[in-house]
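# What the coordinates show
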Amino acid sequence: MTGLTEYRHSSEFPSEVWNKANCPTRFRPRISRYASVADDACWAVRDDMVAAGGNEAITRGVGCVDQVSGNAMAIWFPEALPERLYIGSYMIEFAFMHDDLADSAETSEKFDESNQALIDSLEMKSQDEKKSRRNLIMKSTQARFAVEALDTDEEIGTWLIEQWKNQFSVSSEQRDKEYTTIEDYLNFRIVDAGADIFLVMMRFVSDTTITRAEVESVKYISDLILFAQILWHDYASWEKEIEAFESGQAASLVNAVSIIMKKHNVNAEEAKKLLWDETLKYEQRYCDERDLYIQKNSPSPEHCRWFRLLELSTGGNAIWSFTSPRYHKDVPRPVRTRKANSSTASGNNTTQTAHKTSNGSNKFNVKGGSNKVGAKRKLLTPDTSEPEEESDAPREKRVRINGPPSEHGGSHPVKTNEDLHRDIDEDSVTTEPYKYISSLPAKGARDQLIDALNTWYNVPDGAVTIIRRVVEIMHNVSLMLDDIQDNSPMRRGFPSTHIVFGQAQTINTSTFMYTKGLEAASKLSPKAFLALIEELKQLHIGQAHDLHETYHCNPPSVPEYFKRIEQKTGGLFRMASKMMQAEATNNTSLSTDSLMNILGRYYQIKDDYQDITGTSIGKSANYGDLDQGTFTLPFMHALQKQEQKGSTELLSIFQARRNTNNMSSEMKKLVLLRLEEAGSLKYTKDMLTGLYDELKHELSVVEEQAGSKNWILRLLLHKLKI
């Protein structure tokens, strides 16, 4: 294969470095002309971790930056576009930091916990309260590159995040397994070592138009060269890994050298020689399969360019593994220069103007060095569960609403989440209906929202635990009562609580849990407690009007409907934000009311749209808003259209369903037909598009006031987008 017809973004790799290395590959690397972009991103992510409260020892770790051969990302992906190279470098440097923390885990369980925390933060799942503060640092940093990848290229960015989650889904049990053959080991390591991420990352950052389908069609070929890269990585990192394992710093040893030692009964040096030969064999197999594919298929120029990019990455991986201080103690550690404007190994200067995205964020300032957006505040070191507090950090005085003050100057000891759960377990008969609804699958948006708000407000751990619990209780209680009031037999795809436990017991449990929620909230400041009471009143007023309109079959106007949303869905979001603000140690005057109102409106109308179109996740396909007689936005729009024509057909259908408390499938088809004829589904979809833009604008306004971008909230919006 002759190679690329042109190199658009790279320079020749210096011969003196390459020749000295004597790497086991025929593919010579090139180096990106934007190597300083990669360096800036790597230093930026470490800065962001420290600024968010991480241990400053993080900055002394070794990742992509290499004083000898150049930044790993610059030689792995030499044909990368500069703006994408920044995102990719930020992401991979973060992965190196996480690997250092995970590999140093004392037990297999802690290794799995570390990985699961990253996956949960991308899937809007709640996490262990004791660790949530520590994980918030990692979560916010991870959310940043996820959002930027999705903003840059939603299709490939989504694919990249899929592979990211796959890698961190690898369990300690899989890593601890004793593999007896190189083939089995490589099939495991293609995921565990990040080779699949590497492949998708190359597509994401590189200047190529090859499609996902085309990449996957030749993956059986690319896997062979990635196998060679994995084996060479094991060769280069053996001394570091065996030392860490034997000293007890690493819980497991995952390296092909040890497999060959056991299989052939040889020492480490002999095993490394055999591994060298094995690496060359896989590279040759790649070349044979590539040539056969080209001969049989006469592929497009982009396919040929893809093969060449794979080969360049192989050379880059080989030289970086040979020279990186990450694997070799005798190699100079990276030294940070505040003005990084050269490609290190190639010596080519680069100048790149700031790239401004459509949403207005200055993401990729190359000449300006690190592009760090983050509040300068203390949170938590990754290796401790206790927050670091600056000596002049503001302290919120807390007053217990009922009962005598404690010895702590009028404040009351904050209960942990375990204490709160223990309290409600006092009487299983009373609490069983609540435990039932809490066990049903949930979207996790409210937990994610609280994490997002905490990046601005920096609420003390104990208060966050209480707020999270109070919001959970109030939300679940509202669902239990809603299902009774709406006579709904289903909730989240399962029988409603009152169907299982009866109406009387469900009502009793609901009111009991209200008291438990209020009791927990009383441990917060008076301002937070009053915020809760005010939003609870609004929620009940909104529900009263909703029930009145449904019972009398009297549809509200669109403005009235929006007010209901602000009182109910928006109210639950404001409940969280106002309590967080009341307990804040940062941005104490920052109001997010308007943002929460828009978010509530978007969230509810999205639910309306997905319910009527049958695209709701976790909802029953047989029972929904039409069965309940709920006036949703698409239905109200169609009603108005019929009213203008003097028709009462849809209103009659709604009145008729009251006799059976459901709607037949034939009647639902008729309603859906009328909605489509009236353009109500398009109207609702257009409304959501406009609200989403309004949400992003309002978020930018609040971010400017707060002085920092909220990456967790931005990621949440991405996940909510239709």
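Residues numbered from 1 in each chain as written. Predicted model: local features only at pLDDT ≥ 70, side-chain atom pairs only at ≥ 80, totals over all residues. Heavy atoms only, no water.

## Quick notes on the overall build of the protein chain
A tally of regular secondary structure across the protein chain gives 31 helices and four strands. Considering only residue pairs separated by 6 or more positions, the protein chain has 76% of its internal contacts joining residues 24 or more positions apart. Per element, the accessible surface of the protein chain, about 30,900 Å² overall, is 49% carbon and sulfur. (Helix = DSSP H or I, 4+ residues; strand = E, 2+ residues; numbered from the N terminus. Contact = heavy atoms within 4.5 Å. Areas by Shrake-Rupley, 256 points an atom, 1.4 Å probe, with all protein chains shown as cover.)

## What to know about the packing of helix H21 (residues 503–521) against helix H22 (residues 526–551)
Here H21 crosses H22 at 150°, and the two axes come no closer than 9 Å. The angle between H21 and H22 places the two elements in the roughly antiparallel class. Here H21 and H22 pass one another in a crossing that is right-handed. On H22, the residues that touch Tyr 514, Leu 518 and Ala 521 of H21 are Phe 529, Leu 532, Ile 533, Leu 536 and His 540. Tallied by class, the residues present in the contact of H21 with H22 amount to seven nonpolar, one polar and no charged. (Axes fitted to C-alpha atoms, helices over the stretch in contact; angles between N-to-C directions. Parallel < 35°, antiparallel > 145°, perpendicular 65-115°, else oblique. Left-handed = near helix turned anticlockwise from the far one by under 90°. Nonpolar A, V, L, I, M, F, W, Y, C, P; charged D, E, K, R; others polar.)

## Let's talk about the environment of Thr 506
Along the chain, the position of Thr 506 falls in helix H21. Judged by relative accessible area, which is 0%, Thr 506 ranks as buried. Thr 506 sits 10 residues away from Ser 496 along the chain, and the two C-alpha atoms are 9.9 Å apart. When near neighbours in sequence (up to four residues on either side) are disregarded, Thr 506 contacts Met 480, Ile 484, Thr 497, His 498 and Phe 501. (Buried < 20%, exposed > 50% of the residue type's maximum accessible area, 1.4 Å probe, protein only.)

## Thoughts on the state of the cysteines
Under the definition given, this model contains zero disulfides. Cys 42 supplies the cysteine sulfur nearest to Cys 64, a cysteine that is in no disulfide, at a spacing of 4.2 Å. (Disulfide = S-S within 2.5 Å.)

## Looking at helix H18 (residues 445–457)
The end-to-end C-alpha distance of H18 is 18 Å, a good match for the 18 Å that 13 residues give at a rise of 1.5 Å each. Of all the 13 residues making up H18, 13 are buried; the element is thus mostly covered by neighbouring parts of the structure. Positive backbone phi, at 50°, marks Asn 458, one or two positions downstream of H18. (Expected span 1.5 Å × (residues − 1).)

## Looking at the pattern of salt bridges
Evaluated as defined, the whole model comprises 39 salt bridges. We note a salt bridge from Glu 162 to Arg 212, for which the minimum N-O separation is 3.2 Å. Placement of the pair is Glu 162 in helix H7 (residues 154–167) and Arg 212 in helix H11 (residues 212–217), with a sequence separation of 50 residues. Its relative accessible area of 32% is what places Glu 162 among the partly exposed residues. For Lys 568, the salt bridge goes to Asp 546, with nearest N and O atoms at 2.8 Å. Of this pair, Lys 568 sits in the loop between helix H23 (558–567) and helix H24 (569–582) while Asp 546 sits in helix H22; the two residues are 22 residues apart in sequence, bridging distant segments of the chain. Each of the two residues, Lys 568 as well as Asp 546, counts as buried. A cluster of three or more residues bridged by salt bridges with shared partners is formed by Lys 139, Asp 447, Asp 451 and Arg 468. (Salt bridge = Lys/Arg side-chain N within 4 Å of Asp/Glu carboxyl O.)

## Topic: the packing of aromatic side chains
Tallying each qualifying case throughout the model produces 24 aromatic pairs. Judged by centre distance (5.8 Å) and plane angle (90°), the rings of Trp 232 and Trp 276 are edge-to-face. Of the two residues, Trp 232 is situated in helix H12 (residues 219–246) and Trp 276 in helix H14 (residues 268–297); the sequence distance between them amounts to 44 residues. A relative accessible area of 3% places Trp 232 in the buried class. Taking the relative accessible area as the measure of exposure, Trp 276 reaches 21% and is therefore partly exposed. Among the aromatic residues, those joined into a cluster by ring pairs are Trp 76, Phe 77, Phe 96, Phe 198, Trp 320 and Tyr 327. Just above the ring of Phe 204 sits the side chain of Arg 84; from NZ or CZ to the centre is 5.1 Å. When the ring centre of Tyr 235 is taken as reference, the NZ or CZ atom of Lys 272 above it lies at 4.6 Å. (Phe/Tyr/Trp six-rings, centres within 6.5 Å; stacked < 30°, edge-to-face > 60°. Lys NZ or Arg CZ within 6 Å of the ring centre and 35° of its normal.)

## Quick notes on the environment of His 545
By the element assignment, His 545 lies in helix H22. His 545 gets classed as partly exposed once you look at its relative accessible area, which sits at 37%.

## Some words on the side chain of His 303
Considering the arrangement of structural elements, one finds His 303 in helix H15 (residues 301–323). Accessibility expressed as a relative area gives 8% for His 303, which makes it buried. For His 303, the contacting residues outside a window of four places in its chain are Ile 210, Glu 214, Ser 217, Val 218 and Tyr 293.

## Thoughts on unusual backbone geometry
The residue Asn 22 is not glycine, and still its phi comes out positive at about 55°. Within the element layout of this structure, Asn 22 appears in the loop between helix H1 (15–21) and strand S2 (30–32). Taking the relative accessible area as the measure of exposure, Asn 22 reaches 54% and is therefore exposed. For Cys 553, which is not glycine, the phi dihedral falls at a positive 50°. Secondary-structure assignment places Cys 553 in the loop between H22 and H23. Relative accessible area serves as the criterion here: at 8%, Cys 553 is assigned to the buried category.

## Quick look at the packing of helix H13 (residues 256–264) against H14
Following both chains from N to C, one finds H13 and H14 inclined at 105°, their axes separated by 9 Å at the closest point. Compared by their axis directions, H13 and H14 come out roughly perpendicular. Listed contacts from H14 to Ala 256, Val 257, Ile 260, Met 261 and His 264 of H13 are Ala 268, Ala 271, Lys 272, Leu 274 and Leu 275. The residue makeup of the contact of H13 with H14, split by class, is eight nonpolar, one polar and one charged.

## Here we look at helix H27 (residues 633–644)
Taking 1.5 Å per residue, 12 residues should reach 16 Å; H27 reaches 17 Å between its end C-alpha atoms and fits that length. For H27, every residue scored as buried is listed here: Leu 633, Pro 634, Phe 635, Met 636, His 637, Ala 638, Leu 639 and Gln 642. Each element contacted by the buried residues of H27 is listed here: H23, helix H25 (593–613), helix H26 (625–628), helix H28 (649–656), helix H29 (665–678) and helix H30 (680–706). Positive phi shows up at Gly 646, right after H27, with a value of about 80°.

## Details of the confidence of the model for the protein chain
Taken over all residues, the pLDDT of the protein chain has a mean of 83, while the share at 70 or more is 79%. Predicted confidence is poor over residues 340–412, with pLDDT under 50, and the contacts of this stretch with residues over four places away or in other chains come to 163 contacts. (pLDDT = per-residue confidence, 0-100.)

## Details of the environment of Ser 647
Along the chain, Ser 647 falls in the loop between H27 and H28. Only 3.3 Å separates the side chain of Ser 647 from the backbone nitrogen of Glu 649, close enough to count as a polar contact. (Polar contact = N/O pair within 3.5 Å; in protein donor to acceptor, adjacent residues only side chain to side chain.)

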